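Listed below, chain by chain, are the residues.
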Amino acid sequence: MSETNTASSPFTMDADWLPFHPSPSKPRFVPPPGAVDAHCHVFGPGARFPFAPERKYTPCDASKEQLWALRDHLGFSRNVIVQATCHGADNRALVDALEHSNGLARGVATVGNDITDEELAGLHAAGVRGVRFNFVKRLVNALPFDVLENIAQKIKPLGWHIVIYFEAQELPELYDFFTALPTTVVVDHMGRPDVSKPVDGPEFELFVKLLRENPNFWSKVSCPERLSQQGPPAYADVVPFARRIVETFPDRVLWGTDWPHPNMKSHMPDDGHLVDVIPRIAPTEALRRKLLVDNPMRLYWN
């Protein structure tokens, strides 16, 4: 898993890009049988699956084979691969990974307003079960709400869900749009809370309200490495936030590595350390089974 960029790639990764950890530790925590890494990515390889011209970053290559090796090393059984913004709405790398996963991966795609029903059916056959709307301004150019609403209506008959990625300070202005979405909605990384603020403070309370009052909303409790100010290996300042969500909404939470950790600037996490955070945010065997097995299987494989 130490290989990063390939010599034959026509793309050169950004000078400040941090490649994924070459040899992550074996976690002390052993995931339950059938555990799902419900948030990860594949990048390229660029020589075969070019990155999008409109991308705002150029990563290292991160292949499906490297993802499967990490899955096995960490003790997981399945993956949910989320389309990365560096590939835009070109889902070929995602579909290739799904079609070579032996049924052990599902996908979340990015699609444009012009997507046809036939193209959606093809994605569904490959294993796609959702689309992602990204509202993080430094990563994507914003799409008009009417375009997103149209996409939501197109995917609803397939039983797909919508994944939304935003930062906590943006939730008040997006709240009404989010709650009007007609499908199951999965929030990436707890809406990126500011963990220097109180876990019961008004900012995080708004996110808790979103989940409490909208039973179609789920949350990923992943990416402590993106949220923590205290840093590795424990990411202790993130634990109270994630644990609150897991304990309050045990049937609507997911967990993922976020491998290969795009756009990390502070450090590159050891994936084994990330897995070892799980028993601290899901302190009982029953909660861990819901988080890692029951919930992702219900959402992606039923």
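This structure is a prediction, so every number in the text was calculated from the model and none was measured. (Residues numbered from 1 in each chain as written. Predicted model: local features only at pLDDT ≥ 70, side-chain atom pairs only at ≥ 80, totals over all residues. Heavy atoms only, no water.)

1. Side note on the pattern of salt bridges
This structure, assessed with the given rule, holds 16 salt bridges. Taking the shortest distance from any N to any O, the salt bridge between arginine 243 and glutamate 247 comes out at 3.0 Å. Linking arginine 243 with glutamate 247, this pair stays in helix α8 (residues 239-248), spanning four residues, or about one helical turn. Judged by relative accessible area, arginine 243 falls into the partly exposed class, the value being 34%. A relative accessible area of 41% means that glutamate 247 is categorised as partly exposed. (Salt bridge = Lys/Arg side-chain N within 4 Å of Asp/Glu carboxyl O. Helix = DSSP H or I, 4+ residues; strand = E, 2+ residues; numbered from the N terminus. Buried < 20%, exposed > 50% of the residue type's maximum accessible area, 1.4 Å probe, protein only.)

2. Quick look at the sheet that holds strand β7 (residues 217-220)
Spatial ordering of the open sheet is given by β1-β2-β3-β4-β5-β6-β7-β8, a layout of eight strands whose pairing is parallel. Either end of the sheet is taken by a strand with one partner, and the two such strands are β1 (36-40) and β8 (253-254). Bridge count between strand β4 (residues 128-134) and strand β5 (residues 161-165): five bridges; the pairing is parallel. Considered in β5, the bridge of asparagine 134 is made with tyrosine 165. The strands touched by helix α4 (residues 145-155) are β4 and β5; relative to β4, the strand with the most contacts, the crossing angle is about 170°. (Pairing = 2+ DSSP bridges. Contact = heavy atoms within 4.5 Å. Axes fitted to C-alpha atoms, helices over the stretch in contact; angles between N-to-C directions.)

3. A look at helix α1 (residues 64-74)
Among the residues of α1, Lys64, Gln66, Leu67, Trp68, Leu70, Arg71 and Leu74 are the ones counted as buried. If you follow the buried residues of α1, they end up packed against β1, β2 (78-82), α2 (92-99), β3 (105-109) and α9 (271-275). Phi for glycine 75, located one or two positions after α1, is positive at around 90°.

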